[in-house]
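Listed here are the chains, written in short residue letters.
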Amino acid sequence: MKPLVVYYSRTGITKKVAESISKELGCDSEEIISKRGRNGPFGFMYSGYESYRKKLAEIGETKNDPSAYDLVIIGTPIWAGRMSSPIRTYITKNKDRFPKVAFFVTCGGMDLTKAMAELEDLCGKKSAGTLTVTTEEVSKDKYLQSVKDFAAKISKGEN
Ligand SMILES: Cc1cc2nc3c(=O)[nH]c(=O)nc-3n(C[C@H](O)[C@H](O)[C@H](O)COP(=O)(O)O)c2cc1C
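Because the structure is predicted, anything quoted here is derived from the model rather than measured.

Reading guide: rules and limits
- Residues numbered from 1 in each chain as written.
- Predicted model: local features only at pLDDT ≥ 70, side-chain atom pairs only at ≥ 80, totals over all residues.
- Heavy atoms only, no water.
- Helix = DSSP H or I, 4+ residues; strand = E, 2+ residues; numbered from the N terminus.
- Contact = heavy atoms within 4.5 Å.
- Expected span 1.5 Å × (residues − 1).
- Buried < 20%, exposed > 50% of the residue type's maximum accessible area, 1.4 Å probe, protein only.
- 1 Å grid on protein atoms, 1.4 Å probe; cavity = no way out; pocket = protein on both sides within 12 Å on 5 of 7 lines; lining within 4 Å.
- Points joined across faces, edges and corners; volume = space filled by probe spheres on them.
- Nonpolar A, V, L, I, M, F, W, Y, C, P; charged D, E, K, R; others polar.
- Core = buried A, V, L, I, M, F, W, Y, C linked by side-chain atoms within 4.5 Å.

Draft legend 1. A look at the environment of Tyr90. Looking at the element boundaries, Tyr90 is found in helix α3 (residues 85-94). With 59 residues separating them along the chain, Tyr90 and Asp149 place their C-alpha atoms 26 Å apart. In contact with Tyr90, other than residues within four places in its own chain, are Val6, Ile32, Ile59, Thr62, Pro66 and Phe98.

Written as structure tokens, this is what we have:
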């Protein structure tokens, strides 16, 4: 199996999980860059607004062609109960080149109902596996076993 981890992270939590997954699988990873600055209260509020309204965000060029892999593992923080706007843009631009997909999300722990279903809908594919980790679990390094279980499941191609 040749997986690719693709993620967006505003404050480093999703990045930490992405790095653990790519280390566990020994695979490539790619960070999506938002062209808009998202720091401070305005950046926070604008990000929530974009996500809630399903807006696309401008992102930097990506370097890896997802069709060169057999599994794309997409990671995003949850904003206003949905995927982040930079990941919405990445999926919108690349979904025709996706092989199998799997998802991981990080969140404060609330209102996840729409997020995974929307990721599948936007990709037009069922996921080969999902992982949800809270900000607290990542901050306290209590997420590594979940990463190992997730990596084992998607490696086996269950689902
Ligand atoms: C604009 C905004 C909206 C958020 N909305 C939610 C939410 O609806 N539910 C939730 O559990 N966490 C929410 N969070 C918390 C983030 O999902 C969480 O802190 C995440 O781990 C941050 O990941 P990052 O460091 O990779 O950016 C929100 C954060 C931001 C910035």
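Draft legend 2. Expanded view of helix α1 (residues 13-25). Helix length check: α1, at 13 residues, gives a terminal C-alpha distance of 19 Å against a target of 18 Å (1.5 Å per residue), a fit within 8%. Taken together, the buried positions of α1 are occupied by Ile13, Thr14, Val17, Ala18, Ser20, Ile21, Ser22 and Leu25. The first or second residue beyond α1 is Gly26, which carries a positive phi of 60 degrees.

Draft legend 3. Structural context of the layout of surface pockets. By volume, the largest pocket amounts to about 430 Å³. In terms of lining residues, the largest pocket is bounded by 20 residues, among which Phe44, Pro77, Ile78, Trp79 and Gly108 are the most central. Elements represented by at least two residues in the lining of the largest pocket include exactly α1, α2 (40-52), β3 (71-79) and β5 (100-107). The residue inventory of the lining of the largest pocket, partitioned by class, reads eight nonpolar, 11 polar and one charged.

Draft legend 4. Quick look at the nonpolar core. If you look at the biggest cluster of nonpolar residues, it comprises 24 residues, and the most contacted ones within it are Ile74, Ile87, Ile91, Phe98 and Leu119. Listed by contribution, the elements that provide at least two residues to this core are β1 (3-7), β3, α3, β5 and α4 (113-123). Per-element accounting of this core gives the leading share, five residues, to α4. When residues no more than four places from it in sequence are discounted, the contact partners of Ile91 are Ile74, Met83, Phe98, Leu119, Leu122 and Cys123. In terms of nonpolar packing, the next biggest core, distinct from the first, is built from 21 residues, Ile13, Leu25, Leu71 and Val138 among them.

Such coordinate-based values are descriptive only and should not be taken to indicate function.
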